[in-house]
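Tertiary structure, described
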Amino acid sequence: MKKTSTRLADGRELLYYDSRDDTVRDAVDRRPLDPVATSSEIRHDPLLGDSVAVASHRQDRVYHPPADECPLCPSRDGRLSEIPAADYDVVVFENRFPSLAGDSGRCEVVCFTSDHDASFADLHEEQAALVLAAWTDRTTELAALPQVEQVFCFENRGAEIGVTLGHPHGQIYAYPFVTPRTELMLRSAAGHHERTGRNLFDDLVARELSDGARVVVAAEHWIAFVPYAAHWPYEVHLHPRRRVPDLRELSDAARAEFPRVYLDLLRRFDRLFGAAEPPTPYVSAWHQAPFDAPGRADFALHLELFTIRRTSGKLKFLAGSESGMSVFINDVPPETAAQRLREAASA
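We now turn to the structure provided with this report. (Residues numbered from 1 in each chain as written. Predicted model: local features only at pLDDT ≥ 70, side-chain atom pairs only at ≥ 80, totals over all residues. Heavy atoms only, no water.)

Within the chain, the regular secondary structure consists of six helices and 15 strands. Against the 2.2 N^0.38 benchmark of 20 Å for 347 residues, the chain shows a C-alpha radius of gyration of 20 Å, consistent with a compact globule. Each principal axis of the C-alpha atoms in the chain carries an extent, and together these give about 60 × 50 × 45 Å. Taken over 347 residues, the chain has a buried fraction of 51%. Carbon together with sulfur atoms contributes 50% to the accessible area of the chain, which is approximately 16400 Å² in total. With 39 positive and 53 negative side-chain charges, the chain shows a spacing of 3 Å between the two charge centroids. (Helix = DSSP H or I, 4+ residues; strand = E, 2+ residues; numbered from the N terminus. Rg over C-alpha atoms; globule rule 2.2 N^0.38 Å. Buried < 20%, exposed > 50% of the residue type's maximum accessible area, 1.4 Å probe, protein only. Areas by Shrake-Rupley, 256 points an atom, 1.4 Å probe, with all protein chains shown as cover. Lys, Arg positive; Asp, Glu negative; His and termini not counted. Charge placed at Lys NZ, Arg CZ, Asp CG, Glu CD.)

Following this line, the structure appears as structure tokens:
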């Protein structure tokens, strides 16, 4: 992998990740852009104990542009975009409309491919491996920023999820605090260890392997399963078999196997509801340990992949119980979801 750093016209950093070491990146951003002005602010909620990012400048972000005006496509034929080059493998750049900025953290956009009409599931394994390398590199670089406590790499796909740009891309949030969901996991892991002397994540994976009813893919270095108490209709958790706290500590063998396993899972999701349905909307989220939190060594890096589609033509909306009280009601038994995902394997 070759990494090339440059700057956009408004001063934001842009990074090319290329599979070929001899690739030269010298295109210059020729857009007349003003410096980015953000109003991102972190406010603490004393009632719930969590934090909220207030970012009013995001009201002006690009919203469902036509394909020929996509800001994530390469700059071609006189049309200038966020990526100055005429083509690219993987690109990461600072978000022009960040939820977090400055002392409040950092937000980046990850473009998986220059092909506007593709999706992550369309990538070949070498391309997916390059994306994993970019996620890992960004985790390493962002961990060095003094204000950053946790790095979150994720992809939202589909207008139903709330995606405003159709080009295949994800995002990276570098938070200046430990997120509430991670706090809950750390608290649960600490309580489990106090009661049993064992690691909670290890026990969860062992339970799923022993039961087998919810296992979707069991590879040499990765295990993918529908959790026993899945919140979403179709939800899969992907764990490396050797527990590590974040992407930086994955073994070479796990890195080499990841593209095949992950692409298999994404393609299963796309086959769930049949060819007549639009592409399956999903959220794919890497959960990494905070950098300085107590219990970091006991945390398990894992990816959570879920869709809000509960059946053909119907979405799972967060109604009163979910939105008002955070009590999920799942319409699809996890064992049924796992069986359907196993059946969705390619021929």
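Turning next to the pattern of salt bridges. Considering all chains together, one arrives at 31 salt bridges under this definition. Because the salt bridges share partners, they merge into one network encompassing Lys3, Arg7, Glu13, Glu94, Arg106, Glu108, Asp137, Arg138 and Glu141. (Salt bridge = Lys/Arg side-chain N within 4 Å of Asp/Glu carboxyl O.)

A few words now on unusual backbone geometry. A positive phi angle, near 50 degrees, is found at Asp77, a position not held by glycine. Looking at the secondary structure, you find Asp77 in the loop between strand S4 (51-54) and strand S5 (90-94). The class of Asp77 is exposed, set by a relative accessible area of 86%. Phi is positive for Ser326, which is not a glycine, with a value near 60 degrees.

To continue, consider the packing of helix H2 (residues 180-196) against helix H3 (residues 200-211). Interhelical geometry of H2 versus H3 gives an angle of 85 degrees and a closest axis separation of 8 Å. Considered as vectors, H2 and H3 are oriented roughly perpendicular to each other. For the pair formed by H2 and H3, the contact residues are Met185, Ser188, Ala189 and His192 on the first element and Leu200, Phe201 and Asp203 on the second. Of the residues in the contact of H2 with H3, the class split is four nonpolar, two polar and one charged. (Axes fitted to C-alpha atoms, helices over the stretch in contact; angles between N-to-C directions. Parallel < 35°, antiparallel > 145°, perpendicular 65-115°, else oblique. Contact = heavy atoms within 4.5 Å. Nonpolar A, V, L, I, M, F, W, Y, C, P; charged D, E, K, R; others polar.)

With that out of the way, let us pick up the environment of Val151. Here Val151 shows up in strand S7 (residues 150-157). For the pair Val151 and Lys2, spaced 149 residues apart in sequence, the C-alpha separation works out to 22 Å. With residues near it in sequence (within four places) discarded, Val151 still touches Thr139, Leu142, Ile172, Tyr173, Ala174, Gln288 and Phe291.

Attention shifts here to the packing of aromatic side chains. Summed over the entire model, instances satisfying the criterion amount to 18 aromatic pairs. Between Phe258 and Trp286, the ring centres sit 5.5 Å apart and the planes meet at 40 degrees, which makes this aromatic pair tilted. In this pair, Phe258 sits in helix H4 (residues 252-271) while Trp286 sits in strand S12 (residues 282-287), placing the two residues 28 residues apart along the sequence. The pair formed by Phe258 and Trp286 is uniform in burial state, with each residue classed as buried. Among the aromatic residues, those joined into a cluster by ring pairs are Phe112, Phe120, Trp135, Trp222, Phe258, Tyr262 and Trp286. Its guanidinium or amino end placed over the ring of Tyr228, Arg207 lies 4.0 Å from that ring's centre, counting from NZ or CZ. (Phe/Tyr/Trp six-rings, centres within 6.5 Å; stacked < 30°, edge-to-face > 60°. Lys NZ or Arg CZ within 6 Å of the ring centre and 35° of its normal.)

Along a regular strand, successive side chains alternate from one face of the sheet to the other. Bridge count for strand S9 (residues 215-218) against strand S10 (residues 222-225) is three bridges, and the pairing is antiparallel. Counted as the bridge partner of Val217 is Ala224 from S10. In textbook terms, the turn of a hairpin is the stretch between consecutive antiparallel strands, and for S9 and S10 this stretch comprises three residues. (Pairing = 2+ DSSP bridges.)

With that settled, consider the sheet that holds strand S8 (residues 169-175). Taken in spatial order, the 11 strands line up as S1-S2-S5-S6-S8-S7-S12-S13-S11-S10-S9 in an open sheet, and their pairing is antiparallel. The sheet is open, and its two edges are formed by strand S1 (2-7) and S9, each paired on a single side. Going from strand to strand, the sheet's axes swing by 20 degrees on average, the running direction of each strand aside. Pairing between S10 and strand S11 (residues 234-240): four bridges, direction antiparallel. Residue pairing for S11: Ile223 is matched across the bridge by His239. Relative to strand S13 (residues 302-307), H2 is tilted by about 125 degrees, and along the sheet it contacts S7, S12 and S13.

Glancing now at the nonpolar core. In this structure, Phe120, Trp135 and Trp286 are the most contacted members of the largest nonpolar core, which totals 54 residues. Among the elements that make up this core, the one with the highest residue count is H4 (eight residues). With residues up to four places along the chain from it excluded, the contact list for Phe120 reads Phe112, Ala128, Val131, Trp135, Glu155, Tyr262, Leu263, Leu266 and Tyr282. (Core = buried A, V, L, I, M, F, W, Y, C linked by side-chain atoms within 4.5 Å.)

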